[in-house]
Amino acid sequence: MSTSSILSYRGKNAPASPIRKLEPLARAAAERGTKIYHLNIGQPDIPTPASFLQKARLEPGNVLSYSPSVGLYPYRKALVDYYCGIGMPVAERDILVTTGGSEALLFVLMALCDPGDEVITPEPYYPNYGTFSMMAGATLRTLPTRIEDGFRLPPPSAFAAAITPRTRAILLCNPSNPTGTLYSREALSAVVDLAKQHGLMLICDEVYRDFVYAGTPLSILSIPGASDVAIIIDSLSKRFSACGARLGCIISQRHELIDAVTRFAMARLSPPTLGQL
């Protein structure tokens, strides 16, 4: 029998999630009677709304069928109403529903990057960004931020210095996971201008938008001119404390991007079907 590895480069080098590594340790400690404060995973500690659970229930006699690859129309229409209501002017054709925010980000990276391409992100960052980049064949280039200055975004000059001929996108998380930093309008505007100047796309993970307790959360689409470069990753997981529902979405007014990720979505048949939500 051959002793050579059967694994690909991705299979051998994909990093394990440090967050998930903590779960069995926390469970074992709880079984010993230790009080555990779970800071290891992004699960809100509020009950899932009863109306959400009711809508997700399939009535007897109905069929749990495939949904359209882009997501159920009533759900996409409800998302349009929500986003327009918070100052994000989007249309139904700008949205593709995904199996959680993770699939949304993976699809976007696959649509933007060829093997060897690069994506720039501030550090600390959500650990799975590195895994998703590797799965898409891209390299994640990081820019350090400092606790001493509130983990604010690096200046445009730092982003510009990190750009190479292989750079395809800048990836932000706002509000930031894991630092909790809320980026200012001025900082976001500067990154939008930089992305437009260098022909880059700006991916913004806005899953924690509703968890802001001081100040007003800003979507990247509220920045003038951002629609030319912006791709939003969003999810119901945090907003409705429904992480197990696995309902995310991609929002972009660059319709060639939406068309590309739709082709990926067709290969996995359909996103989750949870009633009409």
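Quick caveat: nothing in here was measured; it's all calculated off a predicted structure.

Q: Where do I start with the overall build of the chain in this structure?
A: Looking only at helices and strands, the chain has nine helices and seven strands in total. Relative to the compact-globule value of 19 Å for 277 residues, the chain shows a C-alpha radius of gyration of 20 Å, a close match. Seen along its three principal axes, the alpha-carbon backbone of the chain occupies a region of about 60 × 50 × 50 Å. Looking at the chain residue by residue over its 277 residues, the buried ones come to 44%. Surface exposure of the chain reaches about 14,500 Å², of which carbon and sulfur atoms provide 57%. Averaging the positions of the 26 positive and the 23 negative side-chain charges in the chain gives two centres separated by 5 Å.

Q: Which parts of the structure should I look at to understand the side chain of Glu103?
A: Here Glu103 lies in helix 5 (residues 100–112). A relative accessible area of 16% means that Glu103 is categorised as buried. Filtering out sequence-adjacent residues up to four positions away, Glu103 remains in contact with Thr98 and Arg268.

Q: Hey, could you run me through helix 8 (residues 185–198) in this one?
A: A turn of α-helix holds 3.6 residues, and therefore any two residues three or four places apart point the same way. In this model helix 8 runs 20 Å from its N-terminal to its C-terminal C-alpha over 14 residues, within 8% of the 20 Å that 1.5 Å per residue would give. On the buried face of helix 8, the contacting elements are helix 7 (156–162), strand 4 (167–173) and strand 5 (201–205). Residue Gly199 follows helix 8 closely and has a positive phi angle near 70°.

Q: Before we go on, may I ask you to explain the sheet that holds strand 6 (residues 230–235) in this structure?
A: Neighbouring strands of a sheet are bound in pairs by backbone hydrogen bonds; such pairs are parallel or else antiparallel. Pairing within the open sheet is mixed, and its seven strands lie in the order 1-7-6-5-4-2-3. Each edge of the open sheet is held by one strand with a lone partner, namely strand 1 (95–98) and strand 3 (139–144). For this sheet, the mean inter-axis angle between neighbouring strands, taken without regard to orientation, is 25°. Across four bridges, the pairing between strand 6 and strand 7 (residues 248–251) is antiparallel. Its bridge partner being in strand 7, Ile232 is matched across the sheet by Ile251. Contacts from helix 5 reach strand 1, strand 2 (118–123), strand 4, strand 5, strand 6 and strand 7 within the one sheet, and its direction differs from that of strand 6 by about 155°. Against the sheet, helix 8 touches strand 4 and strand 5, its axis set at about 165° to strand 4.

Criteria and thresholds
Residues numbered from 1 in each chain as written. Predicted model: local features only at pLDDT ≥ 70, side-chain atom pairs only at ≥ 80, totals over all residues. Heavy atoms only, no water. Helix = DSSP H or I, 4+ residues; strand = E, 2+ residues; numbered from the N terminus. Rg over C-alpha atoms; globule rule 2.2 N^0.38 Å. Buried < 20%, exposed > 50% of the residue type's maximum accessible area, 1.4 Å probe, protein only. Areas by Shrake-Rupley, 256 points an atom, 1.4 Å probe, with all protein chains shown as cover. Lys, Arg positive; Asp, Glu negative; His and termini not counted. Charge placed at Lys NZ, Arg CZ, Asp CG, Glu CD. Contact = heavy atoms within 4.5 Å. Expected span 1.5 Å × (residues − 1). Pairing = 2+ DSSP bridges. Axes fitted to C-alpha atoms, helices over the stretch in contact; angles between N-to-C directions.

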